[in-house]
Amino acid sequence: MRKSILAILAFVMLLAMPAAQASAKDLKVGVVDVEYIIHTSAKGKAAKAKLKKMFDDKQKELDGEQKKLLELKKEIEEQSEMATPEKRKAKVLEYQQGLLKLQELYMKNQQELAKKEVELMKPILTSLEKILTDFAKDGDYDLIMNRSEQGVLFTKPDFDLTKQVLEKLNAG
């Protein structure tokens, strides 16, 4: 969301620049693929590995609960003829409560994973923002755009700074 707002803001500022101040030929523009950088950087890979481990642990927990519910369902189906109506009703209620518990656990796990992803990505994005700011200052760039966003459909390879930015992120 923040990236798209920045890209739109940069684009609007570019359009609003009076022709007397700068022509398109005077602008120094760079493009980076932020998504690619995050997914291929050492820090991004480490964050993804942590998230995958957390996901796998949560999935095992969900699978265990689901297995219990399937066994309870099978028990209900097998005993339907022999069980008293009260016992059957109690088992069905237990099954329904188990389904609700499983659904709540799933939602809780999704929220925890999303929170953890934000927590792990924040330092990477902060480092990346600093690198891009320094890169823009040092290289005297007027504008650096994110290729991952929908605003950049094409760029000449000369304008693509992704490799250099990735190297700086991995070095730092």
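Look up: the structure comes first, before these words.
Residues numbered from 1 in each chain as written. Predicted model: local features only at pLDDT ≥ 70, side-chain atom pairs only at ≥ 80, totals over all residues. Heavy atoms only, no water.

Caption draft 1: Main features of the pattern of salt bridges. Following the criterion strictly, the structure yields nine salt bridges and no others. Across the salt bridge formed by Glu 119 and Lys 116, the nearest N and O atoms sit 3.2 Å from each other. Pair noted here: Glu 119 and Lys 116 are both in helix 4 (residues 85-138), with a separation of three residues, about one helical turn. By relative accessible area, Glu 119 is classed as partly exposed at 48%. (Salt bridge = Lys/Arg side-chain N within 4 Å of Asp/Glu carboxyl O. Helix = DSSP H or I, 4+ residues; strand = E, 2+ residues; numbered from the N terminus. Buried < 20%, exposed > 50% of the residue type's maximum accessible area, 1.4 Å probe, protein only.)

Caption draft 2: Structural view of helix 4. The end-to-end C-alpha distance of helix 4 is 78 Å, a good match for the 80 Å that 54 residues give at a rise of 1.5 Å each. Considering bend angle alone, the principal kink of helix 4 is centred on Met 121 and spans about 30°; proline Pro 123 follows within four residues of it. With its phi angle positive at about 55°, Asp 140 sits one or two positions after the end of helix 4. (Expected span 1.5 Å × (residues − 1). Bend = angle between axes of the 7 residues up to and from the residue.)

Caption draft 3: Examining the side chain of Asn 109 more closely. The topology assignment puts Asn 109 in helix 4. Beyond its immediate stretch of four places on either side in the chain, Asn 109 contacts Lys 58, Glu 61 and Leu 62. (Contact = heavy atoms within 4.5 Å.)

Caption draft 4: Looking closely at unusual backbone geometry. Positive phi is not limited to glycine here, since Asp 140 has a value of about 55°. Structurally, Asp 140 is set in the loop between helix 4 and strand 2 (143-146).

Caption draft 5: Expanded view of the packing of helix 4 against helix 5 (residues 162-171). It is at 10 Å that the axes of helix 4 and helix 5 come closest, and there the two elements cross at 125°. Classed by the angle they form, the pair helix 4 and helix 5 counts as oblique. Here helix 4 runs over helix 5; the crossing is right-handed. Side by side, helix 4 and helix 5 meet where Ile 124, Ser 127, Leu 128, Ile 131, Leu 132 and Phe 135 of the first sit next to Gln 164, Val 165, Lys 168 and Leu 169 of the second. Grouping the amino acids of the contact of helix 4 with helix 5 by side-chain chemistry returns seven nonpolar, two polar and one charged. (Axes fitted to C-alpha atoms, helices over the stretch in contact; angles between N-to-C directions. Parallel < 35°, antiparallel > 145°, perpendicular 65-115°, else oblique. Left-handed = near helix turned anticlockwise from the far one by under 90°. Nonpolar A, V, L, I, M, F, W, Y, C, P; charged D, E, K, R; others polar.)

Caption draft 6: Expanded view of the environment of Lys 168. Turning to its location among the elements, Lys 168 is positioned in helix 5. When the C-alpha positions of Lys 168 and Ser 127 are compared, they lie 9.7 Å apart, and in sequence the two are 41 residues distant. In this structure Lys 168 touches Ile 131 and Phe 135, once residues within four positions along its chain are discounted.

Caption draft 7: Molecular detail of the nonpolar core. Within the largest apolar cluster, 19 residues are counted, with the highest numbers of intra-cluster contacts made by Val 32, Ile 37, Ile 38, Ile 124, Leu 128, Leu 161 and Val 165. Of all elements in the fold, only helix 2 (34-40), helix 3 (42-79), helix 4 and helix 5 reach the threshold of two or more residues within this core. The greatest single-element share of this core, amounting to eight residues, is contributed by helix 4. Formed by seven residues, the second largest nonpolar core is a distinct cluster that contains Leu 72, Tyr 95, Leu 102 and Leu 105. (Core = buried A, V, L, I, M, F, W, Y, C linked by side-chain atoms within 4.5 Å.)

No statement about biological role is implied by the geometric values presented.
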